[in-house]
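Chain by chain, the residues run as shown.
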Amino acid sequence: MADKLSEIKFTLQPAPEPNAGQSDGNSCCCIPQPLEAEWSGGVLQTPAGPVCRVSTELTRKDLWGRFKCRVSSFRDSYTVPPGLYAVGEPGIGPDGGSDIFVSANYKFSFDMLRRELHGMNAWILALDTKGINVWCAAGKGTFGTDELIKRIGAASLAKAAGRGRLILPQLGAPGVNATGVRRATGFRLSYGPVRAKDIPAYIRAGYKADRDMREVKFGVLDRLALSPMEIIPAMKRYPLFALITLLIFGLAPQGIIFKDAISGGLPFLLYGLISVLAGAFLVPVFLPFIPFRSFAVKGWITGAAAFVITARTFAFFPYSGPIGPNILFWADLVFFPMASSYTALQFTGSTTFTCISGVKKELKAALPVYIASAAAAVVLLAIYKLLVWRLL
Amino acid sequence: MRYITSGITLTMLTDKCTGCGMCMEVCPHEVFKAEGKRVVIAAKDRCMECGACELNCAFGALNVSKGVGCASALIKSMITGGEPTCGCSGTSGNCC
Ligand code: SF4
Ligand code: SF4
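For the structure given in this document, a descriptive report is provided here. Model, not experiment: these values are computed from the prediction.

### Examining the overall build of chain A
Along its length, chain A carries 17 helices and nine strands. Looking at chain A residue by residue over its 392 residues, the buried ones come to 53%. Of all intrachain contacts in chain A linking residues separated by at least 6 positions in sequence, the fraction that spans at least 24 positions is 69%. Surface accessibility of chain A: about 17300 Å² in total, with carbon and sulfur atoms responsible for 64%.

### Side note on the site of ligand 2
Near ligand 2 you find L10(B), C27(B), P28(B), V31(B), F32(B), C47(B), M48(B), E49(B), C50(B), G51(B), A52(B) and C53(B), and these make up its full shell. Considered class by class, the residues forming the shell around ligand 2 number 10 nonpolar, one polar and one charged.

### Quick look at the interface of chain B and chain A
With 48 residues of chain B at the contact, the number on the chain A side is 58 residues. In this structure, the connection of chain B to chain A is made through two salt bridges. Here chain B is connected to chain A by 21 residue pairs in polar contact (both at pLDDT 80 or more). Those elements giving two or more residues to the side of chain B that touches chain A turn out to be α1 (22-26), α2 (52-56) and α3 (71-80) of chain B. For the side of chain B that touches chain A, the leading source of residues is α3(B), giving five residues. Split by residue class, the side of chain B that touches chain A holds 26 nonpolar, 17 polar and five charged.

### Some remarks on the pattern of salt bridges
Going through the model one piece at a time under the given rule, you end up with 15 salt bridges over all chains. The salt bridge involving K130(A) is made with D128(A); its shortest N-O contact spans 3.2 Å. Judged by relative accessible area, K130(A) falls into the exposed class, the value being 55%. Relative accessible area serves as the criterion here: at 17%, D128(A) is assigned to the buried category. One salt bridge connects D45(B) with R2(B), and the closest N-O pair in it is separated by 3.5 Å.

### Quick look at the sheet that holds strand β3 (residues 83-87) of chain A
Residue and element names in this part refer to chain A. Reading across the sheet, the seven strands line up as β1-β2-β3-β5-β4-β6-β7 and stay open at both edges, with mixed pairing between neighbours. Only two strands of the sheet have a single neighbouring strand rather than two, namely β1 (40-46) and β7 (189-191). Neighbour-to-neighbour, the strand axes of the sheet open up by a mean angle of 35 degrees, direction not taken into account. By the bridge criterion, two bridges tie strand β2 (residues 49-54) to β3 in an arrangement that is parallel. Paired with C52 across the strands is Y85, a residue of β3.

### Considering the pairing of strand β4 (residues 100-104) of chain A
All names here are of chain A. Most of β4 sits inside the fold, with five of its five residues counted as buried. Side chains I100, V102 and A104 project from β4 onto one buried face, and the interleaved F101 and S103 project onto a second face that is buried too. The sheet contact formed by β4 and strand β5 (residues 122-127) spans five bridges and is parallel. When the bridges of β5 are listed, I100 appears paired with W123. The pairing of β4 with strand β6 (residues 166-168) spans two bridges and is parallel. Residue pairing for β6: F101 is matched across the bridge by I167.

### Remarks on helix α12 (residues 228-236) of chain A
Along an α-helix, residues three or four positions apart point the same way, because every turn accommodates 3.6 residues. All of the buried residues in α12(A) are M229(A), E230(A) and A234(A). The arc enclosing the buried residues of α12(A), seen along the axis, measures out at 125 degrees, which places them on a common side.

### Quick notes on unusual backbone geometry
All names here are of chain A. Here S156, not a glycine, exhibits a phi torsion of approximately 45 degrees, which is positive. Take S156: it is sitting in the loop between α6 (145-154) and α7 (157-161). Look at F292: it is not a glycine, yet its phi comes out positive at around 75 degrees. One can find F292 in the loop between α14 (258-285) and α15 (295-313).

### Description of helix α13 (residues 238-250) of chain A
All names here are of chain A. For α13, with 13 residues, the first-to-last C-alpha span of 18 Å sits near the 18 Å given by 1.5 Å per residue. Along α13, the positions that sit buried rather than exposed are Y238, F241, A242, T245, F249 and G250. End-on, the buried residues of α13 take up no more than an arc of 150 degrees, which puts them together on one face. Exposed residues lying more than 90 degrees from the buried face of α13 are P239, L240 and L243.

Calculation criteria
Residues numbered from 1 in each chain as written. Chains lettered and ligands numbered in written order. Predicted model: local features only at pLDDT ≥ 70, side-chain atom pairs only at ≥ 80, totals over all residues. Heavy atoms only, no water. Helix = DSSP H or I, 4+ residues; strand = E, 2+ residues; numbered from the N terminus. Buried < 20%, exposed > 50% of the residue type's maximum accessible area, 1.4 Å probe, protein only. Contact = heavy atoms within 4.5 Å. Areas by Shrake-Rupley, 256 points an atom, 1.4 Å probe, with all protein chains shown as cover. Near = heavy atom within 4 Å. Nonpolar A, V, L, I, M, F, W, Y, C, P; charged D, E, K, R; others polar. Salt bridge = Lys/Arg side-chain N within 4 Å of Asp/Glu carboxyl O. Polar contact = N/O pair within 3.5 Å; in protein donor to acceptor, adjacent residues only side chain to side chain. Pairing = 2+ DSSP bridges. Axes fitted to C-alpha atoms, helices over the stretch in contact; angles between N-to-C directions. Arc of directions from axis to C-beta. Expected span 1.5 Å × (residues − 1).

And the structure:
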């Protein structure tokens with residue numbers, strides 16, 4: 001896996017700034033690195049310099065890269081060099097006039113686009129979004145009016161490809177002011193469909209997107225695909241949680257007692273896992289079916305249910321220790337559903353319908369509760385320990 | 001699916017709107033609807049405050065305080081005091 005990763009990284013290193021003004025073949029915008037990549041399909045000579053042609057087939061390596069983007073931070077360095085690319089045999093030069101599709105330089109986004117352009121003659125203009133997808137980059141403004149104007153200039157777009165229709169992904173609209181771009185560059189912008197797979201239908205319909213193509217969906221498969229990116233960051237904190245748990249349960253006036261650490265800590269460790277799973281997997285997947293609109297509340301309910309079910313299934317109650325089972329139960333009940341709630345709240349960042357005003361409201365209500373719950377859990381645990389040590 | 005909608009900031013100055021329809025093109029949640037030659041806000045509670053409509057309305061008829069509806073970005077900005085920005089790179093266009 002590791003060598004595969006370094007291989008892709010090597011071949012997809014961003015090239016230096018595209019310098020399309022130079023016509024010397026060796027200083028092409030995309031030579032040498034992308035040319036070596038499997039998705040490259042040769043070089044096209046234009047009046048503004050050579051341009052790389054990309055294939056519309058995704059190779060196994062592309063698909064593997066896509067998978068890794070779903071599950072790891074690999075996606076943070078999965079880029080293509082920004083600049084102009086050709087698909088098929090687009091019209092070259094100022095009279096070219098083929099469609100120009102604008103994309104991000106996140107290779108995942110770029111791949112989705114080129115795959116849908118199969119059989120077409122068109123251009124792709126990849127903006128420098130620092131390897132971030134269109135939607136996020138538009139929110140940040142890196143997929144934005146200024147970058148688009150700059151990139152049109154840097155690629156000498158009118159000279160290389162003519163004044164074809166500039167088609168932007170609709171999800172880029174939060175960053176791009178279409179009127180501003182037209183005024184600055186003379187290019188006419190159209191917003192294409194939300195999903196690249198609708199591009200052929202969009203073109204067939206005479207560059208019109210119907211309501212369905214304009215709407216962002218958030219189905220169960222989308223949510224399932226996003227859950228690894230919820231689970232993995234949450235699990236990164238798990239070792240620390242486990243260590244603290246074992247310390248708390250093992251700690252005795254005589255020192256750390258291993259037997260106690262394991263027997264007392266085990267249910268805790270399991271609850272920890274369950275609460276992450278509830279917040280980062282069950283809530284995203286069953287989102288529409290869990291009552292209430294607030295993600296924090298959804299998370300709390302799911303976490304509480306998962307906690308009770310786990311506790312009953314494994315018959316952790318009453319705890320085997322001589323004292324304090326009830327105190328521990330309350331500490332658990334205060335802490336674990338809260339952890340699920342916090343984890344579920346993070347999912348607001350991945351959804352396509354949560355507005356910032358709503359998240360603000362939710363946080364304002366939830367944060368004090370989180371802080372109070374955490375404090376209460378600590379106090380309860382302390383009382384439990386003192387009881388066990390017979391100091392109370 | 002609906003989120004907490006009571007605070008949504010989207011507003012329209014109807015006398016500035018020319019009915020050009022640009023907002024309907026860019027909105028990912030079908031918030032706008034054509035009514036004869038005019039365009040109206042038909043489903044404000046679907047708005048996710050992405051800001052696309054305001055930025056692309058050439059006549060300044062729309063107003064929305066744009067932002068990412070992302071809890072971790074907001075928490076980060078509370079701690080650091082900065083603007084809430086999305087720290088992720090995300091996939092498939094669904095991201096904070
Ligand atoms: S973009 Fe602006 S002017 Fe055009 S229909 Fe929408 S609100 Fe009216
Ligand atoms: S802010 Fe975004 S979601 Fe809300 S109405 Fe405007 S375009 Fe639609």
